[in-house]
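Each chain is listed here by its residues.
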Amino acid sequence: LHPSLAALRGGKPVLALSTMSKVHSLLSSFGLGQYFTDYRQPLEALIDKTETFLKYGPGHVQQVMPMIRAAENESTASLQDLKNHIEGHTRW
């Protein structure tokens, strides 16, 4: 999960070979679910997925970068709101 998240934040395409649904959810939230695959699939299926990824993945990531940045901004704002809320209720 974390390598995929870091790569997307850096604008790098991700082909996630995983069985974790949260990795699939992350990619799907940006319309990149097709770049998630179960690593237990037959080699031929993994090769096909990899070739498709190499051909289209970089362009798809660039197309969704505004969505990724918006999600980052929303997350940062939520954390700041939480921090302000906690600090506003702290009694010394």
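For the structure given in this document, a descriptive report is provided here.

So, how was this worked out
- Residues numbered from 1 in each chain as written.
- Predicted model: local features only at pLDDT ≥ 70, side-chain atom pairs only at ≥ 80, totals over all residues.
- Heavy atoms only, no water.
- Helix = DSSP H or I, 4+ residues; strand = E, 2+ residues; numbered from the N terminus.
- Buried < 20%, exposed > 50% of the residue type's maximum accessible area, 1.4 Å probe, protein only.
- Contact = heavy atoms within 4.5 Å.
- Polar contact = N/O pair within 3.5 Å; in protein donor to acceptor, adjacent residues only side chain to side chain.
- Core = buried A, V, L, I, M, F, W, Y, C linked by side-chain atoms within 4.5 Å.

**Topic: the overall build of the chain**
Regarding its fold elements, the chain presents three helices and two strands. For the chain, the N- to C-terminal ordering of α and β elements is α-β-α-β-α. Judged by the C-alpha coordinates and their principal axes, the chain covers about 60 × 25 × 15 Å. In the chain, buried positions account for 26% of the 92 residues. Counted over contacts in the chain with a minimum sequence separation of 6, partners at least 24 positions apart contribute 41%.

**Here we look at the side chain of Glu-72**
Here Glu-72 lies in helix H3 (residues 43-88). Among the polar contacts listed, one links the side chain of Glu-72 to the side chain of Arg-9, at a separation of 2.4 Å.

**Some details on the nonpolar core**
Counting 16 residues, the largest nonpolar core has Leu-8, Val-14, Ala-16, Leu-27, Phe-30, Leu-32 and Ile-68 as its most contacted members. Elements with a contribution of two residues or more to this core: helix H1 (2-9), helix H2 (21-29) and H3. The biggest single contributor to this core is H3, with five residues. What Leu-8 contacts, discounting residues up to four positions off in sequence, is Val-14, Leu-26, Leu-27, Phe-30, Leu-32, Val-61, Met-65 and Ile-68.

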